[in-house]
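Topology and contacts: notes
Residues per chain, in single letters:
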Amino acid sequence: MDIWRATLNQDSLNELMNLSNRLNGMLERRRPPQGDNEETMASADWAPVVDIVESEQGFVLLAELPGVHKNDVKISVQDGVLTLNGQREQDKEEKGVRYHRTERAYGRFARSFAVPESVDEQKLSAEFRDGVLKVHLPKAEKAKPRSVEVRVS
């Protein structure tokens, strides 16, 4: 490895690492789902990163979608699976402009997630602000924790 470091400058090493990471990411996305099939990714050009948070009221799914217009995002729930679909358009090339690096992914995206049985799918709501999609999945009334007072006699 020392020979490689001596012959390549730091920018070249960074480019190789970036390429390696991108290839690994592409291979990971195309790997068939394993285990209990809780989450799958459809064939797409890229996949947004997602956080899922649970509270007593329900779940919130946060998806990073910078550069995507809210009209280009579709959310559906069918047979216990929540699916996000959409597209991010690539900037149009301008005459006289050369790209020196292109790392952002463009094209179609899709992510699917198993919806817990405790979620009331009829009350799903979503908002899109500052490139972040926030999907609210409220728990059904029977699934929410409740407290019962115990009287000692």
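Residues numbered from 1 in each chain as written. Predicted model: local features only at pLDDT ≥ 70, side-chain atom pairs only at ≥ 80, totals over all residues. Heavy atoms only, no water.

1. Here we look at the overall build of the protein chain
For clarity, the cut-off: Counting from the N terminus, the helices are DSSP H or I runs at least four residues long and the strands are E runs at least two residues long. Buried means the residue's accessible area, taken with a 1.4 Å probe over protein chains only, is under 20% of the maximum for its type, while exposed means over 50%, and partly exposed covers the values in between. In this description, contact between two residues means that some pair of their heavy atoms is separated by no more than 4.5 Å. Each accessible area value is a Shrake-Rupley result obtained with a 1.4 Å probe; residue values ignore everything except the protein chains displayed when judging cover.
When helices and strands are counted, the protein chain shows 2 helices and 8 strands. Scanning the protein chain from its N terminus toward the C terminus, one meets helices and strands in the order α-α-β-β-β-β-β-β-β-β. Expressed as a percentage of the 153 residues in the protein chain, the buried residues total 21%. Within the protein chain, contacts between residues at least 6 apart in sequence are counted, and of these 54% link residues at least 24 apart. Accessible surface for the protein chain amounts to roughly 12,300 Å². Of this, 47% is attributable to carbon and sulfur atoms.

2. Quick word on the environment of Ser55
Rules: Whenever a nitrogen or oxygen atom comes within 3.5 Å of another N or O atom, the pair is scored as a polar contact, on the condition that within protein one atom can donate a hydrogen and the other can accept it, and that pairs from neighbouring residues in sequence are kept only if both atoms are in side chains.
Along the chain, the position of Ser55 falls in the loop between β2 (50–54) and β3 (58–64). Ser55 sits in the partly exposed class, given a relative accessible area of 36%. Separated by 83 residues in sequence, Ser55 and Pro138 place their C-alpha atoms 9.3 Å apart. Engagement of the side chain of Ser55 in a polar contact is seen with the backbone nitrogen of Gln57, the distance being 3.3 Å.

3. Notes on the sheet that holds β3
Rules: Should DSSP find at least two bridges between two strands, the strands are regarded as paired. Every axis corresponds to a line fitted to the C-alpha atoms, with the helix fit spanning only the stretch in contact, and the corresponding angles, defined between N-to-C directions, vary from 0 to 180 degrees.
Taken in spatial order, the 4 strands line up as β2-β3-β8-β7 in an open sheet, and their pairing is antiparallel. Strands with a single pairing partner mark the edges of an open sheet, and in this sheet they are β2 and β7 (125–129). Here the average twist between neighbouring strands, direction ignored, is 15°. As defined by bridge partners, β2 adjoins β3 across 5 bridges and the pair is classed as antiparallel. Directly across from Asp51, in β3, lies its bridge partner Leu62.

4. Some points on the pairing of β7
Regular strands place side chains that alternate from one sheet face to the opposite one. When β7 meets strand β8 (residues 132–138), the two strands line up antiparallel, connected through 5 bridges. Bridging across to β8, Arg129 finds its partner in Val132. The turn joining β7 and β8, which pair antiparallel and follow one another in sequence, is formed by 2 residues; a positive phi near 55° is taken by Asp130.

5. Concerning the packing of aromatic side chains
Aromatic rings considered in pairs are described by the distance between their centres and by the relative angle of their planes. What counts, and what does not: By convention, a stacked pair of Phe, Tyr or Trp rings (six-membered ring in the case of Trp) has centres within 6.5 Å and planes under 30 degrees apart, an edge-to-face pair has planes over 60 apart, and any other such pair is tilted. Charge over a ring is defined by NZ of Lys or CZ of Arg lying within 6 Å of the ring centre and within 35 degrees of the ring normal.
Per the counting criterion, the structure on display carries 1 aromatic pair. Seen in terms of ring centroids, Trp46 and Phe109 are 5.0 Å apart; in terms of plane orientation they differ by 55°. Their pairing is tilted. One end of the pair, Trp46, is in the loop between β1 (39–40) and β2; the other, Phe109, is in strand β6 (residues 107–114), with 63 residues separating them in the sequence. For Phe109, a relative accessible area of 1% translates into the label buried. Above the ring of Tyr106, the side-chain terminus of Arg88 is found at 5.8 Å from the ring centroid. One Lys or Arg, Lys139, reaches over the ring of Phe59 and ends 5.6 Å from the middle of that ring.

6. Focus on the confidence of the model for the protein chain
Short version of the rule: Confidence scores labelled pLDDT are given residue by residue by the predictor and lie between 0 and 100.
Across the protein chain, the average pLDDT comes to 81, with 75% of residues at 70 or higher. Mean pLDDT values for the elements of the protein chain range from 46 in β1 up to 97 in β8. Note on residues 29–42: pLDDT under 50 across the span, and 18 contacts to partners over four residues away in sequence or across chains.

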